[in-house]
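# Breakdown of the fold
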Number of protein chains: 2
Amino acid sequence: MERPLKVVVIGGDAAGMSAASQVKRRIKSAEVIVVEKGRDVSYGACGMPYNIGYQADIDELVVLTADEFKTKRGIDVRLLSEAVGVDFNNRKVKVRSLASDREYELVYDKLFIGSGAEAFLPPIEGAANEGVFKLKVLDDARRIKAYIEDKKPKKAVLIGAGFINLELAENLKRLSMEVVILEKLDGILLNFEDEFSEVVKEELSRNGVELITGVDIEKIDGSLKVKTNKGEFEADFVNIAAGVKPNTDFLVGTPIELEKGAIVVDRYFRTNMESVYAGGDCALIYHRILNRNVYMPLGTNANKAGRIGGANMAGANEEFAGIVGTILFRIFDKGVAKTGLSLREAIDNGFDAFKTIIEAPTTAHGFPHQGKVKICLVAEKGSGRLLGGQIVGDSEGVWRIDILATALYSNLAIKDIQGLDLAYSPPFAPVWDPILVCANQAIKQVRK
Amino acid sequence: MERPLKVVVIGGDAAGMSAASQVKRRIKSAEVIVVEKGRDVSYGACGMPYNIGYQADIDELVVLTADEFKTKRGIDVRLLSEAVGVDFNNRKVKVRSLASDREYELVYDKLFIGSGAEAFLPPIEGAANEGVFKLKVLDDARRIKAYIEDKKPKKAVLIGAGFINLELAENLKRLSMEVVILEKLDGILLNFEDEFSEVVKEELSRNGVELITGVDIEKIDGSLKVKTNKGEFEADFVNIAAGVKPNTDFLVGTPIELEKGAIVVDRYFRTNMESVYAGGDCALIYHRILNRNVYMPLGTNANKAGRIGGANMAGANEEFAGIVGTILFRIFDKGVAKTGLSLREAIDNGFDAFKTIIEAPTTAHGFPHQGKVKICLVAEKGSGRLLGGQIVGDSEGVWRIDILATALYSNLAIKDIQGLDLAYSPPFAPVWDPILVCANQAIKQVRK
């Protein structure tokens, strides 16, 4: 009898559990062990700010528990189990049980590394004080919720103006807190056109969230007062979201190829090590428009990486089509979306590019409810090839980013976008959809 | 000095006014005359049911008035002026002024025919009674609104279960009327999969609209009682929407090519007559998936036909990419959308096709507001080429039809759709968007 395939997966969130599930689905006999250093697997991390704001049960974010993976899918999920090293030559993972503090080894035929990323904590004095949080894993959300319930804080200072703190700002306002966001850089959402980040700034202001940029944090004192170059901010709740870094410290010094800490993979999610795959927030991912790897740690990307990497571990030969860099978030009543490249990113990457920005209604002329969106198309001069798009505006209208994501995947030009047969119905879209309005405008610039 | 180009446009709605505007934009010196038999040009006809239901001012549907076209764009718009014949050999249009009942001729160098369609009125006894309406042009909406205000009707019978009467049903309920829909055929929305029209039937029922199919109307009596093979229905308001037919009676007997009454055009919107273009509800239009002309009278199609036909009249050489057959409407809280072909249409057109239907949530796992949509993908066996899609469900989720419309334009296969980098954000979409869920399911059927 043939020996069953031994698969080890490091990390039990989106990428890891997708990979594990794919292997088990394709090879029933495989022995799949997942080691996860936290207490949770497979949960919707992006939902955490809303779970806090809407005061929902934290367990609603859990898609499947470790037990369910065992009983329903036959996957041996080991919680509180941290991979502390890999011996690629002998195909062994060294695991530390955080409960017992003992170490043991797991032998693999195939290994998937989906160890994720962790919140980057800048060296701020007082960052470890009680009442100072980060929001990266489910236990962070549990801690924040318990603190809010217990202390009923009234004044939040959010350090960093990325998606997480923007979404958290909305949700803390939902809990009637005062919110100040302090950002180190001179602007926010720098990967968007200025006209678009302006809308977000206005929406924050309109909703009573104070945003201050160009802020150097000096310290957070014991009473949670945040001292900065732009004054002192009283707080009884602080969240730090200053970016993430790949969880790959345990791989440093091994022969696996890393780039700025992220694991280098090909379009099959293979690493440079034989039989070793990687994906999700710990790894790079192929970008279809740039035609090279980038670091873009997002849930969608992690799920796809796990799914395809897992299938390939099980013998498939699936090439990843690549991301186009689609992002979307809500800030109060506005949606903010991007796909592909901004004008600056396009130019920095060697494209001879231009941008066209329009504002247009999202429902038909004369329809009682009139929303508006601002749309930016970035395209190549001459060919008119679409390189990117951004949409900001009333949240019911920003879904149109998926039209542009699909157009980017398909390598469409502005001329093609003009020809799209988009849906028209008064409650949903005007007869000339805003995307078409923008394309009709952009076409004039293609041959300039 | 060169003689200015003389352009005549028959019909002043979407197609005609778009064509006229394109010519004037491209050739400032052109003399552009539009003859329109009605009292309005350029209005949002699809908004009429909502204008009635929300009791908005009827003028809100007007995009530009005839006067504005004259003063802002230099177009000579003649209202209440009906084209009654065309002498293609001598390039003359015979026009009857409906105000003065006089006839005169207009000579053209280029002619655009955008005469639209009119409501098809089945030969029902009593169809001309007071209180029996159709809803095709703005004057119809004016008459209905005046009648509703004056008579305050309580019981509506809507004859025909197409989009117009479905949208009208919702809006008459908004005005607290009882609504019964009588449909001649044995089902509704026959160009959708049965599972999808079922959802519409349930939504009508849930909102207290009675739908009866297989109904032959015998007569509408003087008190508006509607007598049928399925009983009598009391009413104080009746609307008949039993389809439309091209407004081309004035062309019968001329050498211009018609197919079932609709003008035959090529992908440049040229007719078989030299220097004569046509588009909109009076003409056929090129369908990209079927690779042939179809009759699909929709506002979006008319606008594109006018825009491209007009550009070509002014010397451009723009080939129309073709429609993919996208339609969308709302019925109470549900949206109903389609693009491309249904399974039956695909098979009838010679494709070896299959369909995959899934139901999936429209927001992230654990997000407080959970909507649902049902999605159908129709694709070709073997190649997996997408042939069509349908979406029905909570109205905030059906915009995804535009992803499929873009995919159809781009000739994507199921495999490609799996690879789309669609947006993910808890309030807007789950990490696996319903479109991806459906593609992940459909891929299993591609090679069966």
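Values in this document were obtained by computation on a predicted structure and should not be read as measured data.

### Re the overall build of chain A
Along chain A, the regular secondary structure elements total 11 helices and 27 strands. Since a compact globule built from 448 residues should have a radius of gyration of about 22 Å, the 23 Å found for chain A is in line with a globular shape. Dimensions along the principal axes, computed over C-alpha positions, put chain A at roughly 70 × 55 × 40 Å. The proportion of buried residues among the 448 residues of chain A is 59%. For chain A, contacts bridging at least 24 residues in sequence account for 64% of all contacts bridging at least 6.

### A look at the interface of chain B and chain A
In this assembly, 60 residues from chain B lie in contact with 60 residues from chain A. Taking both partners together, chain B and chain A bury about 5,300 Å²; carbon and sulfur atoms supply 63% of that area. In this structure, the salt-bridge partner of Lys415 of chain B is Glu318 of chain A, at a minimum N-O distance of 3.7 Å. Counting across the interface, chain B meets chain A through 21 residue pairs in polar contact (both at pLDDT 80 or more). Mapped by element, the contributors of at least two residues to the side of chain B that touches chain A are α7 (299-313), β23 (327-331), α9 (401-409), α10 (414-418) and α11 (434-446) of chain B.

### Let's talk about the relation of the copies chain B and chain A
With an axial shift of 0.0 Å and an RMSD of 0.0 Å, the rotation relating chain B to chain A amounts to 180°. A rotation of that kind, with that shift, is consistent with a two-fold axis. For chain B, the residue whose C-alpha comes nearest the rotation axis is Ile403 of chain B, separated from it by 2.6 Å. Both copies present the same face, since 100% of the interface residues in chain B are matched by interface residues at the equivalent positions in chain A.

### Brief notes about the UniProt feature "domain: Pyridine nucleotide-disulphide oxidoreductase dimerisation" (unreviewed entry) in chain A
UniProt annotation of "domain: Pyridine nucleotide-disulphide oxidoreductase dimerisation" (unreviewed entry) refers to residues 333-430 of chain A when read in the numbering used here. The straight-line gap between the two end C-alpha atoms of residues 333-430 of chain A is 20 Å; of that span, 20% is helix and 35% is strand.

### Section: the sheet that holds strand β15 (residues 231-233) of chain B
Residues and elements named next belong to chain B. Spatial ordering of the open sheet is given by β13-β14-β15, a layout of three strands whose pairing is antiparallel. Two strands lie at the open edges of the sheet, namely β13 (217-220) and β15, each paired on one side alone. Here the strands of the sheet are splayed against their neighbours by 20° on average, with no regard to which way each runs. As judged from the three bridges shared by strand β14 (residues 226-228) and β15, these two strands associate in the antiparallel manner. Considered in β15, the bridge of Val226 is made with Phe233.

### Quick notes on the UniProt feature "domain: FAD/NAD(P)-binding" (unreviewed entry) in chain A
When the UniProt feature table is mapped onto this chain numbering, "domain: FAD/NAD(P)-binding" (unreviewed entry) sits at residues 6-293 of chain A. End-to-end, the C-alpha atoms of residues 6-293 of chain A are 29 Å apart, and along that stretch the chain is 23% helix and 29% strand.

### Side note on the pattern of salt bridges
Residues and elements named next belong to chain B. Enumeration over the complete set of coordinates arrives at 68 salt bridges over all chains. Between Lys6 and Glu31 there is a salt bridge, with the nearest N and O atoms lying 3.2 Å from each other. Linking Lys6 in strand β1 (residues 6-10) with Glu31 in strand β2 (residues 31-35), this pair joins segments that are 25 residues apart in sequence. Among the residues examined, Lys6 registers a relative accessible area of 27% and is labelled partly exposed. Two residues, Arg96 and Glu103, come together in a salt bridge whose shortest N-O distance is 2.9 Å.

### Some words on the packing of aromatic side chains
The tally for this structure, following the rule as stated, stands at 15 aromatic pairs over all chains. Ring centres 5.7 Å apart and planes at 75° place the aromatic pair Phe367 of chain A and Tyr54 of chain B in the edge-to-face group. Separated into two different chains, Phe367 of chain A in the loop between β25 (353-361) and β26 (372-380) and Tyr54 of chain B in the loop between α2 (48-53) and α3 (66-73) make up a pair that spans both. Relative to Phe329 of chain B, the ring of Phe163 of chain B has its centre 4.8 Å away and its plane inclined at 35°; by these criteria the two rings are tilted. Taken together, the residues Phe163 of chain B in helix α5 (residues 163-174) and Phe329 of chain B in strand β23 connect sequence positions 166 residues apart. Note that Arg288 of chain B overlies the ring of Tyr409 of chain B, its terminal NZ or CZ placed 3.8 Å from the centroid.

About the cut-offs
Residues numbered from 1 in each chain as written. Chains lettered and ligands numbered in written order. Predicted model: local features only at pLDDT ≥ 70, side-chain atom pairs only at ≥ 80, totals over all residues. Heavy atoms only, no water. Helix = DSSP H or I, 4+ residues; strand = E, 2+ residues; numbered from the N terminus. Rg over C-alpha atoms; globule rule 2.2 N^0.38 Å. Buried < 20%, exposed > 50% of the residue type's maximum accessible area, 1.4 Å probe, protein only. Contact = heavy atoms within 4.5 Å. Buried area = accessible area lost by both parts, 1.4 Å probe. Salt bridge = Lys/Arg side-chain N within 4 Å of Asp/Glu carboxyl O. Polar contact = N/O pair within 3.5 Å; in protein donor to acceptor, adjacent residues only side chain to side chain. Least-squares fit on C-alpha atoms with pLDDT ≥ 70 in both. UniProt positions renumbered as here; feature names shortened; annotations may be inferred. Pairing = 2+ DSSP bridges. Axes fitted to C-alpha atoms, helices over the stretch in contact; angles between N-to-C directions. Phe/Tyr/Trp six-rings, centres within 6.5 Å; stacked < 30°, edge-to-face > 60°. Lys NZ or Arg CZ within 6 Å of the ring centre and 35° of its normal.

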